[in-house]
Amino acid sequence: MDIDDIIIRDLEGKLSSEDQSRLNAWLKDSPKNMKTYNQVKYILAKQGRPLTSNGEEEVWRELRKRMDADASQKQDTQSKRTINPWLKYAAVILLSIGLGAVIHQNLPEEQNIAQAEPRIIEKVSMPGQKITTKLPDGTVVKLNGNSKLLVPEQFVGEIRRVELQGEAFFDVQPDKSKPFIISVGNMEVKVLGTSFNVKEDGILNQKIVAVKTGKVAVEDKQSGELVVLNPSQMVIQHEGEGMYKQDFELADKLFGWTENKLVFNDDDHQKVLQELGYWFGKEVEVRGRIDQKVKYTATYENPTLEEVLLSTSHIFKFNYQINGKKIIIE
């Protein structure tokens, strides 16, 4: 028995236990299948007679044409139809055309509105640039340099979803009925209302979520692993190695950039130069040898490139030159 026959028998209350199992499996196979089933059920179960709206009449006219054509080519006994075949053909046509205008005209107005796809807007910060933007729900987002946020023009439906590439600090507007979800590659961050930092580090191939206020749930979409974070807690996800939760004490190390503070805390030269290039939007090329044993701790407020290079070059014992967008370490 085809799936359209099973749907019709289900709507008529004549489904066997075996066919019920087949229907359940088909519904679970795809969200689209469930949507199609509910919409067909809405139209056909709503009325125990042929459809009456303009869009419905169009379908039924097409059905009658097909039935009349079939009837002229078959014996009289085959042309005697009951309402059940009519329902079957209606379901087949509705399924084949994706329900189209008929569904649109039969669904309540609110459902039609909810199906509209909002326009996606890109919020982009250039290398070395930091920008602050306010989302449609009132959430405030600070984008660090060389980052991108994809956000709908308006949040519709039951969740507020955005996509992040790079690093951003979120101060989410509370709304218990609409969770706020950030997609960062294969990781999802879910909140109701809180402030936290999300960073995707392509160089180290890791993602970091650190919570300042409230509570955040972080999920690895590949493994299904879920970690809940409270204030002063963070999670680090290394690609293919799972997630690691830990506490942190130096908040400025993670959130300082939102107040234009560049913070180093017992960092080696590789980390320092990486942050320096990221902060100022420069490419760093190392040509000479650098002291590998030294660790560096410092905080700069509203730093200039020359200021940071002067102090770090003294600590790590290197010479440097600035050539346009490139910093050359000798």
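Rules and cut-offs
Residues numbered from 1 in each chain as written. Predicted model: local features only at pLDDT ≥ 70, side-chain atom pairs only at ≥ 80, totals over all residues. Heavy atoms only, no water. Salt bridge = Lys/Arg side-chain N within 4 Å of Asp/Glu carboxyl O. Helix = DSSP H or I, 4+ residues; strand = E, 2+ residues; numbered from the N terminus. Buried < 20%, exposed > 50% of the residue type's maximum accessible area, 1.4 Å probe, protein only. Phe/Tyr/Trp six-rings, centres within 6.5 Å; stacked < 30°, edge-to-face > 60°. Lys NZ or Arg CZ within 6 Å of the ring centre and 35° of its normal. Pairing = 2+ DSSP bridges. Axes fitted to C-alpha atoms, helices over the stretch in contact; angles between N-to-C directions. Parallel < 35°, antiparallel > 145°, perpendicular 65-115°, else oblique. Contact = heavy atoms within 4.5 Å. Nonpolar A, V, L, I, M, F, W, Y, C, P; charged D, E, K, R; others polar.

A. Representation of the pattern of salt bridges. Under the defined criterion, the tally for this structure stands at 12 salt bridges. Taking the shortest distance from any N to any O, the salt bridge between E188 and K221 comes out at 3.9 Å. On the criterion of sequence distance, the pair formed by E188 in strand β8 (residues 187–191) and K221 in the loop between β11 (216–220) and β12 (226–229) is long-range, its members being 33 residues apart. Ionic pairing is found between E285 and R287, a salt bridge with its closest N-O pair at 2.9 Å. By relative accessible area, E285 is classed as partly exposed at 24%. By sharing partners, the salt bridges in this structure join R161, E188 and K221 into a single network.

B. Local environment of the packing of aromatic side chains. Inspection of the entire model under this criterion finds eight aromatic pairs. Here the aromatic residues F155, F170, F180 and F196 are joined through ring pairs into a cluster of three or more. Seen from the ring of W279, K130 lies directly overhead, with NZ or CZ sitting 3.6 Å from the centre. Note that K199 overlies the ring of Y278, its terminal NZ or CZ placed 5.4 Å from the centroid.

C. Layout of the sheet that holds strand β14 (residues 242–247). In spatial order, the strands read β2-β3-β6-β9-β10-β13-β14; together these seven strands make up an open sheet with antiparallel pairing. Of all strands in the sheet, those with a lone pairing partner are β2 (131–134) and β14, marking the two edges. Pairwise comparison of adjacent strand axes, ignoring direction, gives a mean angle of 15 degrees for this sheet. Sheet analysis places strand β9 (residues 195–201) next to strand β10 (residues 206–213), joined by seven bridges and oriented antiparallel. Of the residues in β10, the one forming a bridge with K199 is I208.

D. The packing of helix α9 (residues 269–280) against helix α10 (residues 305–316), seen in detail. With their axes 12 Å apart at the nearest point, α9 and α10 run at an angle of 170 degrees to one another. Taken together, α9 and α10 sit at an angle that is classed as roughly antiparallel. Counting all contacts with α9, which are made through H269, V272, L276 and F280, the residues of α10 involved are L305, V308, L309, T312 and F316. Broken down by class, the residue content of the contact of α9 with α10 amounts to seven nonpolar, two polar and no charged.

E. Spotlight on the sheet that holds strand β1 (residues 120–125). Taken in spatial order, the seven strands line up as β1-β4-β5-β7-β8-β11-β12 in an open sheet, and their pairing is mixed. A strand with exactly one partner marks an edge of an open sheet, and here the two such strands are β1 and β12. Direction aside, neighbouring strands of the sheet carry axes that sit 20 degrees apart on average. Taken together, the five bridges between strand β7 (residues 180–184) and β8 define a ladder with antiparallel strand orientation. Each residue of the ladder has a partner; that of S183, found in β8, is E188.

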